[in-house]
Amino acid sequence: MADLEGNLDAKDFGIGKVQENHGFPVKGASQLDFGMRHRLARIFGADGRTAMLAFDHGYFQGPTSGLERIDLNIVPLAEHVDALMATRGILRSVVPASSDNALVLRASGGPSILKELSNERIAMDMEDAVRIDAAGVAVQVFIGGEYETQSIQNLTTLVDAGLKAGIPVLGVTAVGKDMVRDSRYFGLATRIIAELGAQMVKTYYVEEGFADVTAGCPVPIIMAGGKKLPALDALTMAYKAIQSGAAGVDMGRNIFQRKDPLAMVQAVGSVVHAGLTPDQALQQYKDLSGGADD
């Protein structure tokens, strides 16, 4: 059995040496099939980055704050992001089919916030992702959780189905109540997800060692927004994640729970694609919102 501590204490991540993408802007995707790359090119811009809007929270939280009316609160934001991350039920019932966003479908689920969240199953068939014209599907992976093996099987089953259909899989690192949120944990979780075949990984930002996490993962890492923070803190987190090697951000509550979500979504996009600093992005948010600074 490999030495556990040795695996966790790996040191040489070659920071500063960019992984060769062989002519395709998305990390680790140059040798994938055409259909897979074509879908990834819808999620990521020509700069290899993505600003994604997550509003799939209702699949276990119900109509949480900011998501009471998707048609009123979320649809107006869509034109300012590259990709939408949502459930198939919301996409079919609310999101206009004329939207040209890349669609990333939540493909796992099961328990609500009233139960053990790690006890997830695959919640949709890949054929339905094809019917919806999804650019990708997302599955939670609970490394270290009670149902770790089950969630990994969910991932690998979807990866196999995705390879058949040409649809990439986004593996999401789901942190349980007792998990330590540090670079050692996220380095472990993101690498496992990539090693098992996911073409993208979504994970949380940490101040110490995040560059090691992104460097040690051979596919793009997309930063999860997490709980609502003050606007400057959220924009700073996004900026630091990008500077540390993340290929984009997938924000939800830090956008749709703002005083002015439309202004915030544009500020986040400017951090991702235009390289605005946190202070510059905050000023953009204030200018567009008429002075909001929440």
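As shown above, the structure is provided for reference.
None of the values given here were measured: they were computed from a predicted structure.

A. How the structure looks around the environment of glycine 275. Looking at the secondary structure, you find glycine 275 in the loop between helix H12 (261-274) and helix H13 (278-289). Sequence separation of glycine 275 and isoleucine 242 is 33 residues, and the distance between their C-alpha atoms is 8.9 Å. Those residues in contact with glycine 275, other than ones at most four positions away along the chain, are Tyr239 and Ser270.

B. Quick look at H13. Taking 1.5 Å as the rise per residue, H13 with twelve residues should run 16 Å; its terminal C-alpha atoms sit 16 Å apart, in good agreement. Turning to H13, its buried residues number three or more, namely Pro278, Ala281, Leu282, Tyr285 and Ser289. Seen along its axis, H13 keeps its buried residues to an arc of 100°; they face one direction. With respect to the buried face of H13, the exposed residues turned more than 90 degrees away are Asp279 and Asp287. Buried residues in H13 make contact with helix H10 (231-243) and H12. Directly after H13, the chain includes glycine 290, whose backbone phi takes a positive value near 80°.

C. Looking closely at the pattern of salt bridges. Within the structure shown, the criterion is met by ten salt bridges. Here arginine 191 ties to glutamate 195 by a salt bridge, and the two come within 2.7 Å at their closest N and O atoms. One end of the pair, arginine 191, and the other, glutamate 195, are both in helix H8 (residues 183-195), four residues apart, so they sit about a helical turn from each other. On the basis of relative accessible area, arginine 191 is assigned to the partly exposed category, the value being 38%. The partner of lysine 202 in a salt bridge is aspartate 250, and the shortest N-O contact between them spans 2.8 Å. Taken together, the residues lysine 202 in strand E8 (residues 200-203) and aspartate 250 in strand E10 (residues 248-251) connect sequence positions 48 residues apart. Of the residues examined, lysine 202 reaches a relative accessible area of 10% and is grouped as buried. Connected through shared salt-bridge partners, Arg88, Arg92, Asp128 and Arg131 make up one network.

D. Highlighting the sheet that holds strand E3 (residues 102-106). Pairing within the closed barrel is parallel, and its eight strands lie in the order E1-E2-E3-E6-E7-E8-E9-E10. Strand-to-strand, the axes of this sheet are offset by a mean angle of 25°, without reference to chain direction. By the bridge criterion, four bridges tie strand E1 (residues 50-54) to E10 in an arrangement that is parallel. The residue of E10 that forms the bridge with threonine 50 is glycine 248. The strands touched by H12 are E1 and E10; relative to E1, the strand with the most contacts, the crossing angle is about 150°.

E. Summary view of a nonpolar patch on the surface. Together, Ile113, Leu114 and Leu117 make up a nonpolar patch on the protein surface, roughly 310 Å² of accessible area in all. Mapped onto the fold, leucine 114 is located in the loop between strand E4 (108-109) and strand E5 (121-122). For leucine 114, a relative accessible area of 74% translates into the label exposed.

F. Main features of the packing of aromatic side chains. Counting across every chain of the model gives three aromatic pairs. Centre to centre, the rings of tyrosine 185 and phenylalanine 186 are 5.3 Å apart; their planes meet at 70°, and the pair counts as edge-to-face. Side by side, tyrosine 185 and phenylalanine 186 carry an identical accessibility label, which is buried. An aromatic cluster is built from Tyr185, Phe186 and Tyr204, whose rings are joined through pairwise contacts. Between arginine 37 and the ring centre of phenylalanine 24, over which it is positioned, the NZ or CZ distance is 5.9 Å. The aromatic ring of tyrosine 204 is capped on one face by arginine 181, whose charged end is 4.4 Å from the ring centroid.

G. Here's a closer look at the nonpolar core. Counting 70 residues, the largest nonpolar core has Phe55 and Met251 as its most contacted members. If near-sequence neighbours (up to four positions away) are discounted, phenylalanine 55 is found in contact with Leu67, Ile70, Ile74, Leu84, Met85, Ala86, Ile90, Val95 and Phe256. Listed in part, the 20 residues of the second largest apolar core include Ala29, Ala102, Leu170 and Met200.

H. Helix H2 (residues 34-43), seen in detail. Along H2, the residues classified as buried are Met36, Arg39, Leu40 and Ile43. In an axial view of H2, the angular spread of the buried residues amounts to 100°, which keeps them on one side of the axis. As for H2, its buried residues are in contact with E1, strand E2 (83-86), E3, strand E6 (136-141), helix H7 (148-165) and E8.

Conventions adopted
Residues numbered from 1 in each chain as written. Predicted model: local features only at pLDDT ≥ 70, side-chain atom pairs only at ≥ 80, totals over all residues. Heavy atoms only, no water. Helix = DSSP H or I, 4+ residues; strand = E, 2+ residues; numbered from the N terminus. Contact = heavy atoms within 4.5 Å. Expected span 1.5 Å × (residues − 1). Buried < 20%, exposed > 50% of the residue type's maximum accessible area, 1.4 Å probe, protein only. Arc of directions from axis to C-beta. Salt bridge = Lys/Arg side-chain N within 4 Å of Asp/Glu carboxyl O. Pairing = 2+ DSSP bridges. Axes fitted to C-alpha atoms, helices over the stretch in contact; angles between N-to-C directions. Patch = residues over 30% accessible without salt bridge, like charges linked within 9 Å, V, L, I, M, F, W, Y side chains within 5 Å. Areas by Shrake-Rupley, 256 points an atom, 1.4 Å probe, with all protein chains shown as cover. Phe/Tyr/Trp six-rings, centres within 6.5 Å; stacked < 30°, edge-to-face > 60°. Lys NZ or Arg CZ within 6 Å of the ring centre and 35° of its normal. Core = buried A, V, L, I, M, F, W, Y, C linked by side-chain atoms within 4.5 Å.

From the geometry alone we can't say anything about function, so treat these as descriptive.
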